[in-house]
Each structure stands twice: as structure tokens, then as C-alpha cells.
Amino acid sequence: MQTPETPQCDLCKTPLRQGHTAWHFICRQCGLEKTTLIPQINEIQTINETQRAQALQNLRTHNFATLLSWLGQQCANQRPAGQRPTLLEVGCAHGWFLQQAQANYAAQGIEADHAMAQQTQAKGMAVRSGLFPHILKADERFDLIVFNDVLEHIPHVSSVLQHCHQHLNPGGYVVINAPDSEGIFYRLSKWLTYLGLDASFKRMWQWGLPSPHLYYFNTATLKKIAAANHFSMHSAMPLPSITLDGLIERIQYTGNHSKIKSWIIFYLIKTFLPWLQAAKPDIRVWLLKKE
Ligand SMILES: [Zn+2]
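Rules and cut-offs
Residues numbered from 1 in each chain as written. Predicted model: local features only at pLDDT ≥ 70, side-chain atom pairs only at ≥ 80, totals over all residues. Heavy atoms only, no water. Helix = DSSP H or I, 4+ residues; strand = E, 2+ residues; numbered from the N terminus. Rg over C-alpha atoms; globule rule 2.2 N^0.38 Å. Buried < 20%, exposed > 50% of the residue type's maximum accessible area, 1.4 Å probe, protein only. Contact = heavy atoms within 4.5 Å. Areas by Shrake-Rupley, 256 points an atom, 1.4 Å probe, with all protein chains shown as cover. Lys, Arg positive; Asp, Glu negative; His and termini not counted. Charge placed at Lys NZ, Arg CZ, Asp CG, Glu CD. Polar contact = N/O pair within 3.5 Å; in protein donor to acceptor, adjacent residues only side chain to side chain. Donors = N, O, S within 2.8 Å, 3.2 Å for Na, K, Ca; no water. Tetrahedral: all angles 85-135°; square planar, octahedral: opposite > 155°, others 65-115°. Phe/Tyr/Trp six-rings, centres within 6.5 Å; stacked < 30°, edge-to-face > 60°. Pairing = 2+ DSSP bridges. Right-handed = clockwise from strand over helix to strand, strands pointing away.

## A short note on the overall build of the protein
Then, in step 1: Counting its regular elements, the protein contains 9 helices and 11 strands.
Then, in step 2: Against the compact-globule benchmark of 19 Å for 291 residues, the protein has a radius of gyration of 19 Å, which places it among compact chains.
Then, in step 3: Along the first, second and third principal axes, the C-alpha atoms of the protein reach 55 × 45 × 40 Å.
Then, in step 4: Each of the 291 residues in the protein was classed as buried or not, and the buried ones make up 48%.
Then, in step 5: In the protein, of all internal contacts separated by at least 6 residues, the share reaching a separation of at least 24 is 68%.
Then, in step 6: As displayed, the protein has an accessible area near 13900 Å², and 55% of this comes from carbon and sulfur atoms.
Then, in step 7: The positive charge centre, built from 26 side chains, and the negative charge centre, built from 20, are 4 Å apart in the protein.

## Describing the side chain of N229
Then, in step 1: Relative to the helices and strands, N229 resides in the loop between α7 (219-228) and β10 (231-239).
Then, in step 2: For N229, a relative accessible area of 4% translates into the label buried.
Then, in step 3: In this structure the side chain of N229 is engaged in a polar contact, spanning 3.1 Å, whose partner is the side chain of S158.
Then, in step 4: Polar contacts involving the side chain of N229 include one to the main-chain carbonyl oxygen of I225, which spans 2.8 Å.
Then, in step 5: For N229, the residues in contact, after removing those within four places along its chain, are S158, L161, Q162 and H165.

## Focus: the coordination of the zinc ion
Six octahedral donors around a metal ideally subtend angles of 90 or 180 degrees, whereas four tetrahedral donors ideally subtend 109.5 degrees.
Then, in step 1: Summarising the metal site, the zinc ion is bound by the protein donors C9 (SG), C12 (SG), C27 (SG) and C30 (SG), whose distances to it range over 2.2 to 2.3 Å.
Then, in step 2: What the 4 donor atoms of the zinc ion show is an angle range of 103 to 113 degrees at the metal, which sorts the shape as tetrahedral.
Then, in step 3: Mapped onto the sequence, the residues coordinating the zinc ion show the spacing C-x2-C-x14-C-x2-C.
Then, in step 4: For C12, a relative accessible area of 24% translates into the label partly exposed.

## A look at the environment of C30
Then, in step 1: Inspection of the secondary structure assignment puts C30 in the loop between β2 (24-26) and β3 (33-35).
Then, in step 2: The sequence separation of C30 and L11 amounts to 19 residues, and the corresponding C-alpha distance is 8.0 Å.
Then, in step 3: Once residues within four sequence positions are removed from consideration, C30 is found in contact with C9, L11, C12, T221 and K224.

## Quick notes on the packing of aromatic side chains
Then, in step 1: With the rule as written, the count across this model stands at 13 aromatic pairs.
Then, in step 2: Seen from their ring centres, W23 and F201 are 5.7 Å apart, and the 25 degrees between their planes marks the pair as stacked. Within this pair, whereas W23 is found in the loop between β1 (17-18) and β2, its partner F201 is found in helix α6 (residues 199-204), the two being separated by 178 residues in sequence.
Then, in step 3: The buried category is assigned to F201, whose relative accessible area is 0%.
Then, in step 4: One aromatic cluster in this structure is built from W23, Y186, F201, W205 and Y216.

## A closer look at the pairing of strand β5 (residues 106-111)
Then, in step 1: Direction of pairing for strand β4 (residues 86-90) relative to β5: parallel, over a ladder of 5 bridges. Bridging from a neighbouring strand, V90 pairs with I110 of β5.
Then, in step 2: Handedness of the crossover is the feature at issue here: the chain leaves β4, passes through helix α2 (residues 96-101), returns alongside β5, and the resulting connection is right-handed.
Then, in step 3: Note: β5 against strand β6 (residues 127-129), 3 bridges, orientation parallel.

As C-alpha cells, then:
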């Protein structure tokens, strides 16, 4: 699941320093975090999709509604009156975001997992099965390109943003909904590695899953990646990474814990939830504007 060589920073083009595990690296200059884990999407299927869907749907649906309402306030609609802006979601999975976005956008999606793409097409959504940007025609343009928990899974982030620039209309936006390396859970998981406990750090990177995280971003690193690819950081907004609704299913799905241990974790999180929600959030949405 890993390659031996030391990777380079996508931005600074300098060798990265070893991070918290053998497969984790950090740039000394810009702080970008990167891994040598290799995605194996469509090759290994270890995820029970039904269980995964149940575990995440409540939180995602709620966060997508918050995100769409925020985008409505932040993004100028340059279309003539009555026309909806065009939106492309890369890695649309079950189509939950597209479904909610359809009210205000001419929304379509791309999904790399062929079986998932077929399922979402069957629900009547405009989804193409393939990889971004290869599946797009060279002259296709959108007003928004959205990555919901996707950008951190795709290799060569700078090149992905270059392709976004090419496929956006003037003044268009890239929406990046992703884990934030400044988040409290991520920082806790890093501290635990110093005690020899790397299970939660591995889970944060989705180690061992078909499509692990290849990057961990934050506002500072994304500002640099944006500037290097002719985007500006327009705005950013935190999203809750944890709610009690659906939490027990998430714990049972992600941890392989016994029933008793799952409920102990649930009650511990419930007790500390107000403190956790007041700390730095683990999910953030960054809005980049095409320059
Ligand atoms: Zn760097």
C-alpha cells in the first residue's frame, strides 16, 4: 500500500520530510501534508456501501444543505435572469449533493467507481462514469466545480486545479469540501502517534481503504495551491464533522469495535461534544475564485 521513495511537495518541488508514520510526509516550506498510500479504487472493494451510506447520510445531507445555502450567498450568478448556474460535482458517489443542488443549479456529476455511477444514474441524475478531467470534452465549461470529500483523494492536486481552471467559465468557482489539518480530531490523532497509538491517525488518512487520503489541507496550504494555479481564496466556512444523529452507526461502521465499546465511545463523545464543537473544526469548505 506504499512506495519507498520520499515524495516531493507538489508546490515547492522539494523533498518532503518524514511525518508521523512511514507513509506520512510534510513540506518544510509550505506545510502541505501528503502520503505515499496508493489508491486502488475499482480494484479492491472492502467497503460495505449500504453500511457506509447509512453511517454518513444524516451528517452529509445536513452539511450539504448548509453548504448550498452558503454558496448561494457567496457566489455571484453571472447567468441571465431565470437561468441556473452550471455545476459539476467531481466524485458524486450516491448523488446526495447533486440531488439537493438541482433546485438551484444545472447540476451534473462524475464518478470514478463504475458500479456507484450506474446506481446514481439509475436514480435519474446526470452522472458520467470516469475520471476528472479525462471524461470531459476539452471545451466543456462550468460555473462551479465541486469536490465533496474528493480532492484529498486525487493525486497531483496542482494539476487538478489547472484542469479546473480550464473547465471553468470566467469568474467561476472551485468548491473544496475536505478535512482540515487544523481540526481538533486530526491534531489529537497526531499527538496519539507520539504514544505509539496510530489507529486514529490511520483512520484519519483512511489507511487500508481502497481510496485513502493522499493529502491533508488547511487554509494556508490551499491559499498557496490556489495562487500557484491562478485562483484566489474567496472565502471559507467550517462544517460540523460530528453530530449525535447517526453517530452510533458511524462508530460501528468505522471502528470494528464490539457493541459495548461502540456505546462507550458514543457516550464519551456525547459528554465532550460541546467542547469538541467549540474547538477547531475537522471539516472546512474553501471557495476558490478563478482569476
Ligand atoms: Zn511545499
